[in-house]
Amino acid sequence: MKKQIFLIAALLWFSWGGFLWANEQRPINGVVVSADGAPVAGATVKSLSTNRATTTNDRGEFTLDAGEGEKLTVSYVGYVTQEVAVSGVSLRITLAEASNSLDEIVVVGYGSQARSDVTGALTQLKGETLKQGVSVSVDNLLQGKVSGVRIAQSSGEPGAGIDVFIRGVGSIRSGSTPLFVVDGVPLSNESVSAGGANFGLGSSEAKNPLNFLNTSDIETVTVLKDASAAAIYGARGSNGVILITTKRGRSGEPTLTYDMYIGSSSVIRKLDVLSAADYRAALPDPAYDHGGNTDWQDVILRNALTQNHNVSFSKATESGNYMASVSYMDQEGIVQSSDFRRTTARLNAEESFFDNDRLKVKMNLTASDIDETGVPNGNTAGSDGQLIIHALMANPTRSVRDENGEYTNFNMNAHYNPAYLLHVFDDKTNTFRVLGNVEATLRILPGLDYRFNYGIDKSTSERSSTMYPNVTDRTPLGAYVQNNRSSLTTLLDHYLTYNVSVDKHQVELLGGFSYQQFKFSGTSFGMENIANQGEGVAPEHNPGYSGIPTNPGGFAQENELQSFFGRANYNFDDRYLVTASLRADGSTRFGEDNKYGYFPSFAVGWVLSREGFLKEISGIRELKLRASWGQTGNQEVPNKITQASYSLSPSSGYYLYGDLALINGTDVNRTANPGLKWEVVEQFNIGLDFDFWNSKLYGALEYYNKTTKDPILNIPSEPLSPTTTVWKNVDARLVNKGIELTLGSQLISTQAFNWSVDVNGSTLSNTIEDLPVSELYSGSISGPGLSSVYANIYKSGYEAGSFFMLKHLGYDSEGKDIFEDISGDGAINADDRQIFEGAIPNFNFGLNSQMRYKQLDFSFSIIGQTGGYLVNNTAINLNINSLASDRNVLAKYYDAGASTTNAVQLSSLYLEKSDFIRLNNVRLGYTLAPRNFGWLQSVNIYVSAQNLLTLTGYSGYDPMVNTAKSVGGNQSLGVDYTTYPPAKTFMVGATIKF
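Residues numbered from 1 in each chain as written. Predicted model: local features only at pLDDT ≥ 70, side-chain atom pairs only at ≥ 80, totals over all residues. Heavy atoms only, no water.

**Re the overall build of the protein chain**
Where we set the bar: By definition, any uninterrupted DSSP run of H or I lasting at least four residues is a helix, any uninterrupted run of E lasting at least two residues is a strand, and each is numbered from the N terminus. Here the radius of gyration uses the C-alpha set of atoms, whereas the globule reference equals 2.2 Å times the residue count to the power 0.38. Each residue's exposure class comes from its accessible area (1.4 Å probe, protein chains only) as a fraction of the maximum for that residue type: buried when under 20%, exposed when over 50%, partly exposed otherwise. The contact criterion used throughout is that any non-hydrogen atoms of two residues lie within 4.5 Å. Working definition of accessibility: Shrake-Rupley area with a 1.4 Å probe, residue cover restricted to the visible protein chains. The charged-residue count follows a simple rule in which Lys and Arg add positive charge and Asp and Glu add negative charge, with His and chain termini not counted at all. By convention, the charge on Lys lies at NZ, on Arg at CZ, on Asp at CG and on Glu at CD.
Looking only at helices and strands, the protein chain has 10 helices and 53 strands in total. A globule of 994 residues ought to have a C-alpha radius of gyration of about 30 Å, and the protein chain, at 32 Å, matches this closely. In terms of principal-axis extent, the alpha carbons of the protein chain reach across some 135 × 70 × 65 Å. Here the protein chain holds 994 residues, and 54% of them are scored as buried. Sequence-distant contacts, at least 24 apart, represent 70% of the contacts inside the protein chain between residues at least 6 apart. For the protein chain, the accessible surface area stands at approximately 40,900 Å², while carbon and sulfur atoms represent 56% of it. Charge-centre separation for the protein chain: the mean point of 78 positive side chains lies 8 Å from the mean point of 101 negative side chains.

**Let's talk about the pairing of strand 29 (residues 596-607)**
Applied cut-off: By the convention used here, strands pair only if DSSP detects at least 2 bridges between them.
Here strand 29 shows a clear split, with Gly 597, Phe 599, Ser 601, Ala 603, Gly 605 and Val 607 buried on one side and none of Tyr 596, Tyr 598, Pro 600, Phe 602, Val 604 and Trp 606 buried on the other. The pairing of strand 28 (residues 576-587) with strand 29 spans 11 bridges and is antiparallel. Bridged to Thr 579 within strand 29 is Ala 603. Here strand 29 runs beside strand 30 (residues 620-634); their pairing, made up of 7 bridges, is antiparallel. Opposite Val 604, over in strand 30, you have Ala 627 as the bridge partner.

**Concerning the environment of Asp 357**
Here Asp 357 shows up in the loop between strand 20 (339-353) and strand 21 (359-373). Judged by relative accessible area, Asp 357 falls into the partly exposed class, the value being 33%. On a C-alpha basis, the gap between Asp 357 and Ser 861 in space is 43 Å, while along the polypeptide they are 504 residues apart. Setting aside anything within four residues of it in sequence, one finds Asp 357 in contact with Ser 352 and Arg 443.

**A look at the sheet that holds strand 5 (residues 71-75)**
What counts here: To obtain each axis, a line is fitted to C-alpha atoms, and for helices this fit is confined to the stretch in contact; angles are then taken between N-to-C directions over 0 to 180 degrees.
Ordered in space as 3-2-5-6, the 4 strands form an open sheet in which the pairing is antiparallel. Every other strand in the sheet has two partners, leaving strand 3 (53-55) and strand 6 (82-85) as the edge strands with one partner each. Here the average twist between neighbouring strands, direction ignored, is 20°. Pairing of strand 5 with strand 6 involves 4 bridges; the strand directions are antiparallel. Bridge pairing in strand 6 places Leu 72 opposite Val 84.

**Brief notes about the nonpolar core**
Stated formally: In plain words, nonpolar cores are sets of buried Ala, Val, Leu, Ile, Met, Phe, Trp, Tyr and Cys residues tied together by side-chain atoms within 4.5 Å.
Ile 781, Phe 803 and Val 871 are the most contacted members of the largest nonpolar core, which has 85 residues in total. With 6 residues, the top contributor of residues to this core is helix 6 (residues 387-393).

**Concerning the sheet that holds strand 40 (residues 776-780)**
On the basis of which strands lie adjacent, the open sheet formed by 4 strands has the order 40-41-42-45 and antiparallel pairing. Unpaired on one side and paired on the other, strand 40 and strand 45 (834-836) mark the two borders of the sheet. Sheet twist, expressed as the average angle between the axes of neighbouring strands with direction ignored, equals 40°.

**Looking at the confidence of the model for the protein chain**
Under the convention used in this document: What pLDDT conveys is the predictor's confidence in a given residue, as a value from 0 to 100.
Across the protein chain, the average pLDDT comes to 87, with 94% of residues at or above 70. Note on residues 1-22: pLDDT is under 50 here. Beyond four places in sequence and across chains, it has 1 contact.

**Thoughts on the pattern of salt bridges**
It is possible for side chains of opposite charge to pair when their charged atoms get near one another. For the record, the criterion: Salt bridge, as used here, is a side-chain nitrogen of Lys or Arg placed within 4 Å of a carboxyl oxygen of Asp or Glu.
Scanning the entire structure with this criterion turns up 33 salt bridges. Of the charged contacts in the structure, one is a salt bridge between Glu 740 and Arg 167, with a shortest N-O distance of 2.8 Å. Of this pair, Glu 740 sits in strand 37 (residues 733-749) while Arg 167 sits in the loop between strand 12 (162-166) and strand 13 (179-182), and the two are 573 residues apart along the sequence. Of the two residues, Glu 740 and Arg 167, neither departs from the other in class, the shared state being buried. A salt bridge links Glu 682 to Lys 709; its shortest N-O distance comes to 3.4 Å. Placement of the pair is Glu 682 in strand 33 (residues 679-692) and Lys 709 in strand 34 (residues 697-709), with a sequence separation of 27 residues. The class for Glu 682 is partly exposed, based on a relative accessible area of 23%. Accessibility expressed as a relative area gives 28% for Lys 709, which makes it partly exposed. Connected through salt bridges with shared partners, the residues Lys 624, Arg 626, Asp 689 and Glu 702 form a single ionic network.

**Details of the pairing of strand 53 (residues 983-993)**
Two strands pair when backbone bridges link them, and strand 17 (residues 255-267) and strand 53 are joined in this way by 11 bridges, in the antiparallel orientation. Across the sheet, the residue bridging to Ser 265 is Thr 985, located in strand 53. Direction of pairing for strand 51 (residues 938-952) relative to strand 53: antiparallel, over a ladder of 9 bridges. From the neighbouring strand, Val 943 faces strand 53, where its bridge partner is Val 988.

**Some words on the side chain of Asn 879**
Let me state the cut-off plainly: Polar contacts, as counted here, are pairs of nitrogen or oxygen atoms within 3.5 Å of one another; within protein the pair requires one atom able to donate a hydrogen and one able to accept it, and residues that are adjacent in sequence qualify only if both atoms are side-chain atoms.
In this structure, Asn 879 sits in the loop between helix 9 (873-876) and helix 10 (891-895). Residue Asn 879 is classed as buried on the basis of its relative accessible area, which comes to 3%. For Asn 879, the side chain forms a polar contact with the side chain of Tyr 910, separated by 2.2 Å. Ignoring anything within four residues of it in the chain, the contact list for Asn 879 reads Val 889, Tyr 893, Val 904 and Tyr 910.

**Things to note about the packing of aromatic side chains**
Applicable threshold: Working definition: a ring pair exists when centres of Phe, Tyr or Trp rings (six-membered ring for Trp) sit within 6.5 Å. Plane angles under 30 degrees give stacked, over 60 give edge-to-face, the rest tilted. Remark: a charge is flagged as sitting over a ring if the NZ atom of Lys or the CZ atom of Arg is within 6 Å of the ring centre and within 35 degrees of the ring normal.
Considering all chains together, one arrives at 20 aromatic pairs under this definition. Measuring from centroid to centroid gives 5.6 Å for Phe 690 and Phe 692, while their planes differ by 25°, and the two rings are stacked. Using a relative accessible area of 9% as the deciding quantity, one classes Phe 690 as buried. A network of ring pairs unites the aromatic residues Tyr 110, Tyr 233, Tyr 495 and Phe 565 as a single cluster. Its guanidinium or amino end placed over the ring of Phe 410, Arg 398 lies 4.4 Å from that ring's centre, counting from NZ or CZ. Directly above the aromatic system of Tyr 942 lies the positively charged group of Arg 923, at a separation of 4.2 Å from the ring centroid.

This is how it looks when you write it as structure tokens:
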């Protein structure tokens, strides 16, 4: 019996001891990092069973007594709280960023706010969410990320311009480009690179003014969409404002980061023109069979390589922080001979002085040097077209080279061997740009700060264009043109901010003065009848080596903007929010009668989730109703248009003396209008922000009505006026209204697996009202016999830039075109043109998904649009009648049985829907976090694909195109003219943190 009692006691002892051993409180070491492997300093680590807690140090490390299996929570502002179970004595915990954190600080004009206090319509994106795929400029990164924002490319060429539309088209002639502000410095929307020369093949546009920024340096991008958010920028906020902030040093150990990727790009799709075999079968004249077999798209296109390298170093100290980076990008274009090379350097530094950081001084400086090589692909080319159209029209039975190895001479007017065009054409651009500012903040009294901001944006650009002597009828004796451009923008800001809190009342006041000066100048000179290619010194190195000088030219412009602004924010009990702002802008671009414009805004917010009747509902984390009204302006008009302009002309001359010597007379080129004033955009917005079940479902719903008033137009003048047109504000209105919806979810959030998804969609209705003239035209069409033919019409009651053309009904039994006879007179002419829906899509959407399983991450994005149309001007040049002139055609016209005798006319035959769905980006990565190397934080290796798949019925290269084909300054919308095609890209890269 005693043995049994002893045995039972021993079993109980060992069982209890084992239990105590299993739950022994012992030191647990761990490290907390973000998704990119960076340490998270100051995170709270807490035990759910014992309530013991600690915080991580500068290296993200912590030590806490806990037992095996014990549950710990890890939390930090801006990140999703993680719950982990203790396993072993060493933990590595990765926190996912909270997509909808109420405590997140968002950037607003001249300051920042907690997201929970925001009353305007804005969206802030983190730089890490934007770094997907090859992208030269930051504006292209916004595709599918923000509701109400649409991106259209003027060209797929590396570094080319991009059109950004925020809540529709805000102006008839002044463009729709938003204001970009980089680290507190508003940029001018003027081009900083020199334009190209026109050698009879069209002149190419200047490059994207934002391509100087290294996208790896970006910390956040904030889009201000409504007037309440943008009105603080007054005269330049009518098209929205995009605020860009760059990275700074973070707390913790110094971080050295190396980013790199290598990619291969190819054309997203080829156009379906007839192959050599199909062309021979379709030929009405066997003389056009030249015996070859050439895919001319393959001749000018290539698989292009891209490489990008970025090294950055950052550190935060007790009194400040700094970040430095150097990057190099080399991107080949998918068209032979085109490329883009950029070197950038950036230095951001911040330091504090005096007692308790009374004075803070911040400096931002970036410098970029860009070299670009272009191709003869100008959007202003006439019926002759340019490189792309020549490649598409080229007879596939011709060979690239003849039997002697020389480029085949087509011996045709207005049509040339595209490979030969590339050979005899040379276009190089160098642009050097420096953007920098110094900002000082002085705490005068508790809550009262004075800020001073001085910024400079300076650039110089040189573009050398050469057309060597050639066998075509385009500059056959050769020519060289050098265009130079210089710009300097200077900014000076002074403003005071005052913050005070009394009980439940919080007030923030802002008042200031801003002065900005813009200077632009340029020169141009050239040579004609230059030496043959390869003979002597190339003209770009020595223009005077050979040839005849042409008349030099030049220009210089200067304008200034002087502004006073103020804003008041009031918060009662974190429930009721009020924001009011006013900005007064004075511009030298406007006449004496309206030198200043005044732009007010007002917004209110009601945080329903903090009211007693909702506060106790655990599933509601945030529910905020907000409404705003405000006015912004648009001053993007040519300089001096309020003043009269004169010139001397012999056609207006007279004979003053008896020697019959003609004295030049004076012509009036522009009628003065000192009463000209800003275009005003008035916008009403109502929104609802929500976050349910701890971010399982969050988002925002917006309704907006945005009306442009007093648009500036160059319209026919009154009788007896010295000029036929005059610049004038008219009483017309351009109305954009719609609904925006953003939905997101942290679907899964565990230590091992995180999955978040967000979708956004926006509707848009656009209408012109009360236009004082019958109609305005734009969208010039290029093609044989189509000079002075325009695709866009601006007319009351219709969408801006609607299409105006004949309606094509099909083909008759002989393949002849059938058009609708609107006038009923039995003849088809200009009177039978009809108005069709325009280019503006009525629905845009995007879907973005991010997943992380342990060290593996996977993300993808999808974008799309519906309801818009494009005029396929490329197809006009590839119509069926090209078969009768030794040129190629699109296969669809031949397959439709069209007659080769059909005349080329602008009609709905070339009007196509621009609807599409695109798998915009896919990324798969793996993060290594070696614990045995104290000097190595993490290595993320990834593969990515961009523009991988596009589902569309559009027959051109890309449904997201918008070729610049303006007429009289009125912007064109939805014309696609042989645009440089976009590319799909596959890439592999790595991010290494030391």
